[in-house]
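# Descriptive structure summary
If you want the building blocks of each chain, they are given just below.
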Amino acid sequence: MNRMIILTASMAFLGSAAFAGDIGVSISHSDSNLAVLVKGIKDRAAQSNQPLQIEFAEGDVNRQLSQVQNFIAAKVDAIIVNTVETSATPTMTKLAADAGIPLVYVNNTPSDVNELGPKAAFVGSDEKVAGTLEAQEVCRVLKARGKADAADILIIQGVLANETAVLRSQAVHDVAATAECNFMKIIDEQSANWDPVKAQDLVTNWITAGYKPAAIISNNDEMAIGAINSLKASGFDASEVVVAGVDATKEAMQYMKNGDLQVTVFQDAIGQGAGSVDVAMKLARGEKVESPLWIPYELVNPSNVESYLSRN
């Protein structure tokens, strides 16, 4: 059974101009990766006395579609979706538009981000920027380690039906094609579906196949941690392989403090969650909104990691 969280507005607030009625929220997974995003949504809703219904799709795109359909049938005033598969968003966009219900995508870029229409929006961060910051910092670190002549690179991708994984991976290719970083040779890239255990197995297979990467660039921190665990088990040390991720999770930043992770990129999930509630409420009141609403990414490395420890 889907878990549901209900935050009920006080009766005194019902007449306020800020009240937008119920907002239905569908989150792709109930894992630690998205806990900060959910916190941002819940905190902003509580600040605004905004009722929410939050459900978790647990990685099942059909389950998420059903959740959206149920929200529509319940005549909620707005819907917020953190998508399981961004390739499925055109269907959800049409369902909400046909019902006249505002729809806000958050965190994962919908594949139809440029065709959402006046009653839908996206709040998130530019995934190409995340991949670019990550790859450029890897390039810089490799040069500092004296590996600017030739460096074999492996990319661990997320779910390939997810626009986030596609855009972050493409950004790595784009950086490797620049004059400053064209010594970076991408020798393989495979999906580990955002999963640290699958990433660990993938890197173990690469090492068994004889790969000796100068860097492993992961689409997220959890897979980067899986890569680090595999490298350690295989006898590599932090001075041999540059490992990079995205999200600046608390666990990843501890790995960075320990010298195992060299690069991550801070994603302001609290800001994304809060922004999605703000935009949903505005759309429900018939107001125009900016879309996409970009929340900036920020590079994190060992020199500044301490300042990010309390932000996720």
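Read on for an overview of the structure. (Residues numbered from 1 in each chain as written. Predicted model: local features only at pLDDT ≥ 70, side-chain atom pairs only at ≥ 80, totals over all residues. Heavy atoms only, no water.)

### What about the packing of aromatic side chains?
Selection criterion: Each aromatic pair joins two rings of Phe, Tyr and Trp (for Trp, the six-membered one) with centres within 6.5 Å, and gets the label stacked for planes under 30 degrees apart, edge-to-face for over 60, and tilted for any other angle. Each helix is a run of H or I in the DSSP string that is no shorter than four residues. Each strand is a run of E no shorter than two, and both are numbered from the N terminus. Under the scheme applied here, a residue whose accessible area is under 20% of the maximum for its type counts as buried, over 50% as exposed, and between as partly exposed, the area being computed with a 1.4 Å probe on protein chains only.
The final tally for this structure, using the stated rule, is two aromatic pairs. Pairing Phe122 with Trp294 gives two aromatic rings, centres 5.7 Å apart and planes at 80°, and the pair type is edge-to-face. Of this pair, Phe122 sits in strand β6 (residues 120-124) while Trp294 sits in strand β12 (residues 293-294), and the two are 172 residues apart along the sequence. On the basis of relative accessible area, Phe122 is assigned to the buried category, the value being 0%.

### Structural notes on the layout of surface pockets
Which parts of space are left empty comes out when a probe the size of a water molecule is rolled across the atoms. Worth spelling out the cut-off: Lining residues are defined by having an atom within 4 Å of a point belonging to a cavity or pocket. Those points lie on a 1 Å grid over the protein atoms alone, cavities being sets where a 1.4 Å probe fits but cannot get out and pockets being open sets with protein on both sides within 12 Å along at least five of seven lines. Grid points are joined across faces, edges and corners, and a volume is the space filled by probe spheres set on the points. All residues other than Ala, Val, Leu, Ile, Met, Phe, Trp, Tyr, Cys, Pro, Asp, Glu, Lys and Arg, Gly among them, are scored as polar; the first ten of these are nonpolar and the last four charged.
The calculated volume of the largest pocket comes to roughly 690 Å³. Residue lining of the largest pocket: 33 residues in total, with Asp31, Asn33, Leu34, Asn220 and Asp247 positioned closest to the centre. Listed by contribution, the elements that provide at least two residues to the lining of the largest pocket are α1 (32-47), α5 (163-176) and α8 (250-257). A total of five residues in the lining of the largest pocket trace back to one element, the largest contributor, which is α1. Class assignment for the residues of the lining of the largest pocket results in eight nonpolar, 16 polar and nine charged.

### Details of the state of the cysteines
Quick note on the threshold: Count a disulfide wherever a pair of cysteine sulfur atoms falls within 2.5 Å.
Per the counting criterion, the structure on display carries one disulfide. A sulfur-sulfur separation of 2.2 Å characterises the disulfide bridge that pairs Cys139 with Cys181. Here the disulfide of Cys139 and Cys181 is left-handed, its torsion about the S-S bond being about -100°. With a gap of 42 residues between them, Cys139 in helix α4 (residues 127-144) and Cys181 in the loop between α5 and β8 (184-191) connect regions that are remote in the sequence.

### Here's the deal with the environment of Thr164
The condition is simple: By definition in these notes, contact holds between two residues if any of their heavy atoms fall within 4.5 Å.
Mapped onto the secondary structure, Thr164 falls in helix α5. Residue Thr164 is classed as buried on the basis of its relative accessible area of 2%. Spatially, the C-alpha atom of Thr164 lies 28 Å from that of Lys143, the residues being 21 residues apart in sequence. In contact with Thr164, other than residues within four places in its own chain, are Asn108, Thr109, Glu127 and Trp194.

### Observations concerning the side chain of Ser230
Inspection of the secondary structure assignment puts Ser230 in helix α7 (residues 221-233). For Ser230, a relative accessible area of 1% puts it in the buried group. Once you skip the residues sitting within four places of it in the chain, Ser230 turns out to touch Gln200, Val203, Thr204 and Ile207.

### Regarding α7
Worth spelling out the cut-off: What a helix is expected to span follows from its residue count: subtract one and scale by 1.5 Å. The definition of a polar contact used here is a pair of N or O atoms within 3.5 Å, where within protein one atom must be able to donate a hydrogen and the other to accept one, and adjacent residues in sequence count solely through side-chain atom pairs.
Over its 13 residues, α7 extends 18 Å from the first C-alpha to the last, a length consistent with the 18 Å expected when each residue adds 1.5 Å. Most of α7 sits out of view: 10 of its 13 residues are buried. Within the sequence span of α7, burial applies to Asp221, Glu222, Met223, Ala224, Ile225, Gly226, Ala227, Ile228, Ser230 and Leu231. Between the side-chain oxygen at the start of α7 and the backbone nitrogen of Met223 there is a gap of 3.0 Å, and the oxygen is on Asn220. One or two residues past the end of α7 sits Gly235, with phi positive at roughly 95°.

By themselves, these observations are geometric and do not establish any function.
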